[in-house]
Amino acid sequence: MKKILIVGGAGYVGTELTQILLKNFHVTIYDLFYFDWILKNRKKIKNNDRLIFKKKNILDVKKEDFKNIDTICDVVGIANDPSSDLNKNYSTKINYSARYKFAMLAKKSGVKRYIFNSSCSIYGFNKKKVYEKSKINPLSCYAKAVYSAEKKIYKLRSNNFRVNILRNATLYGFSNAMRLDLVINVFSYLLLNNKKITIDGDGKQSRPFLSVNDVSRMYEYIIKKNTGSFIVNALAFSTNIDILSKKIIKVLNKSKSLIKFNPSNKDHRNYDVGSKNFKRYFKNFKFTKIEKDLKKLIKQIRIKGFKPNAKTVRVKFYKKKLKALK
């Protein structure tokens, strides 16, 4: 049975990814456990006898951390633009330098595969639909750091060290390490509670989207199918924010009057994303319908009582922590 190390495995993606991979593999979570649901609830997780926790900072990685590890799933990092902007030097150190060092040491230690969680935000502003070979135009500290890491890590690929780059769309959906700073998640929370949502600009800006469950299944697919190295745009669909908000309104059966626009605060990020590589590497992969993911998300928000706070909004969590770091 393969042994998988998930760096950042206690976060939004990692918490769900861990539970999916435990069905067929041994899993080690390498994390500082700032978001600790999985640490506190280990006994509730199926196949938890295959689960190991390694509480450690990615900056302190050593060769022995990779002993007997076959595959790395890299979902670590200081997520999103607002959080990264709080301390750009430290954010770049984590999102670029530390992740690249982690991959280099993994290769030297005999790890066979490295799956890297990148982002469609590296396309920045593009008037035309973008694909894997389209012009890269990262606008933020976060996007620039992630692209720098992606580029250098992909160069490490070889016959004995396969590298898979997933340029993730904006994620959404339920995770026990919940985030309410992702557009679909926060819109769903606000509308569920009959609060107005404000869309920057005219809402015509395009975004790609992907559920946290689907991206986790993509990691599982890569490992099971033993694919070669590749770069792929990972998205289920692409749409503009105005259309997206109306879709959520429909699922929740709420009034369109809850949608407001802020024309004076134009959102300059605009990327309509497609993929020319996806079908080649993910044959017969089926995405979950957004309506199904939305219903699960809304149900869990109700059951678990998630609210915007330092646990669910990353910029609130990092505000004090990152400002104190160098």
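Here, every reference points to the structure presented above.
To keep things clear, this report deals only with the structure shown in the data block. Sequence order as written defines residue numbering, which begins from 1 separately in each chain. The predicted origin of the model limits local features to residues at a pLDDT of at least 70 and limits the giving and counting of side-chain atom pairs to 80 or more, whereas totals for whole chains, interfaces and linings rest on all residues. Excluding hydrogens and water, the side-chain figures rest on all heavy atoms present in the structure.

Counting from the N terminus, the helices are DSSP H or I runs at least four residues long and the strands are E runs at least two residues long. Inspection of the secondary structure puts Thr-227 in the loop between helix H7 (212-225) and strand E10 (230-234). Once residues lying within four places of it in the same chain are set aside, the contact partners of Thr-227 are Arg-113, Arg-162, Asn-164, Ile-222 and Tyr-281. Note on contacts: a residue pair is in contact if any heavy atoms of the two residues lie within 4.5 Å.

An order of E3-E2-E1-E4-E5-E6-E10 is seen for the seven strands of this open sheet, with the pairing classed as parallel. Two strands close off the open sheet at either side, each with one partner strand: strand E3 (51-55) and E10. Sheet twist, expressed as the mean angle between neighbouring strand axes with direction ignored, is 20 degrees. Taken together, the four bridges between strand E1 (residues 3-7) and strand E4 (residues 71-74) define a ladder with parallel strand orientation. Residue pairing for E4: Val-7 is matched across the bridge by Asp-74. Set on the sheet, helix H1 (residues 12-21) makes contact with E1, strand E2 (26-31), E3 and E4; between it and E1 the angle comes to about 175 degrees. If DSSP finds at least two bridges between two strands, the strands pair. The axes used here are C-alpha line fits, helices contributing only the stretch in contact, and every angle between their N-to-C directions lies in the interval 0 to 180 degrees.

So, on to the side chain of Arg-179. Of note, Arg-179 is situated in the loop between strand E7 (170-172) and helix H6 (183-192). Here a polar contact is taken to be a pair of N or O atoms separated by no more than 3.5 Å, where protein atoms must pair a possible hydrogen donor with a possible acceptor and residues adjacent in sequence count only if both atoms sit in side chains. A distance of 2.8 Å separates polar atoms of two side chains, one belonging to Arg-179 and the other to Asp-181. Once you skip the residues sitting within four places of it in the chain, Arg-179 turns out to touch Tyr-12, Ala-79, Asn-80, Asn-185, Thr-312 and Arg-314.

This part is about the sheet that holds E7. The three strands are arranged E7-E9-E11 in an open sheet whose pairing can be described as mixed. In this open sheet, the two strands that pair with only one neighbour each are E7 and strand E11 (237-240). Looking at each pair of strands side by side, their axes are set apart by 40 degrees on average, direction ignored.

Treat this as a map of the structure, not an account of what it does.
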